[in-house]
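Results of the structural survey
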Amino acid sequence: MNDMAHDIGATFAYGAVGIALMAIGYLVVEVTTPGRLGHQIWTEGNKGAALLLGEKLLGVGAIVTTAIVTSDNDLSDGLVDTAVYGAIGIVLMVVAFYFLDLITPGKLGATLVNGETIHPAGWVVAAADVAVAAIVAGAVS
């Protein structure tokens, strides 16, 4: 019974770290795109904004999952590792976004959330974020 209580507590702790990292991922998309992200997605039905947020959350989730699976048996070390690798993944996703913004015409954030359809550049940013997440997840293991 003691092991089960420990495992339940660990699940809540890892869940809290994962949710916090996804909240940071949300804020990153909010900062890198013009307008209010929540309004654009839930009120205006902006597909480009939804793609950006969705792939960012999936990428962060993949990093967090890998960090948890490969973490030490020590809960506190595992939580720290998960938070650190998750933060590194988010930072690298931001770097990749700004690199793409630098080498493409216009302002990438505005391009991605303007219009009623998903701009083709949205798929490029999504692929870059997923690739960065896979790289970080690979580095974790």
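The sections below set out a description of the structure shown in this document. (Residues numbered from 1 in each chain as written. Predicted model: local features only at pLDDT ≥ 70, side-chain atom pairs only at ≥ 80, totals over all residues. Heavy atoms only, no water.)

Looking now at the packing of aromatic side chains. Taken as a whole and judged by the stated rule, the model has 1 aromatic pair. Ring centres of Phe-97 and Tyr-98 lie 5.5 Å apart, and the angle between their planes is 80 degrees; on these two criteria the pair is classed as edge-to-face. The buried category is assigned to Phe-97, whose relative accessible area is 6%. (Phe/Tyr/Trp six-rings, centres within 6.5 Å; stacked < 30°, edge-to-face > 60°. Buried < 20%, exposed > 50% of the residue type's maximum accessible area, 1.4 Å probe, protein only.)

A few words on the pattern of salt bridges. For the coordinates displayed, the defined rule picks out 2 salt bridges. One salt bridge in this structure joins Asp-129 and Lys-56, with 2.8 Å as the shortest N-O distance. Highlighted residues: Asp-129 in helix H6 (residues 120-140) and Lys-56 in helix H3 (residues 47-69), separated in sequence by 73 residues. You'll find Asp-129 and Lys-56 in the same group, each marked buried. The residue Lys-107 makes a salt bridge to Asp-101 at a minimum N-O spacing of 3.2 Å. Owing to a relative accessible area of 11%, Asp-101 belongs among the buried residues under this scheme. (Salt bridge = Lys/Arg side-chain N within 4 Å of Asp/Glu carboxyl O. Helix = DSSP H or I, 4+ residues; strand = E, 2+ residues; numbered from the N terminus.)

Running from N to C, helix H4 (residues 75-103) and H6 point in directions that differ by 145 degrees, and their axes come no closer than 9 Å. Seen along the crossing, H4 lies across H6 with a hand that is right-handed. Contact residues: Tyr-85, Gly-89, Leu-92, Met-93, Ala-96, Phe-97 and Leu-100 in H4; Val-124, Val-125, Ala-128, Asp-129, Val-132, Ala-133, Val-136 and Val-140 in H6. Looking at side-chain class alone, the contact of H4 with H6 contains 13 nonpolar, 1 polar and 1 charged residues. (Axes fitted to C-alpha atoms, helices over the stretch in contact; angles between N-to-C directions. Left-handed = near helix turned anticlockwise from the far one by under 90°. Contact = heavy atoms within 4.5 Å. Nonpolar A, V, L, I, M, F, W, Y, C, P; charged D, E, K, R; others polar.)

Quick look at H4 now. The α-helix advances 3.6 residues per turn, and as a result positions three or four apart in sequence lie on the same side. The end-to-end C-alpha distance of H4 is 42 Å, a good match for the 42 Å that 29 residues give at a rise of 1.5 Å each. Listing the buried residues of H4 in full gives Gly-78, Leu-79, Thr-82, Gly-86, Gly-89, Ile-90, Met-93, Ala-96, Phe-97, Leu-100 and Asp-101. Taken together, the buried residues of H4 touch helix H1 (2-32), H3, helix H5 (108-113) and H6. (Expected span 1.5 Å × (residues − 1).)

Size it by volume and the largest pocket reaches roughly 170 Å³. For the lining of the largest pocket, the leading source of residues is H1, giving 4 residues. Residues belonging to the lining of the largest pocket are distributed by class as follows: 4 nonpolar, 3 polar and 3 charged. (1 Å grid on protein atoms, 1.4 Å probe; cavity = no way out; pocket = protein on both sides within 12 Å on 5 of 7 lines; lining within 4 Å. Points joined across faces, edges and corners; volume = space filled by probe spheres on them.)

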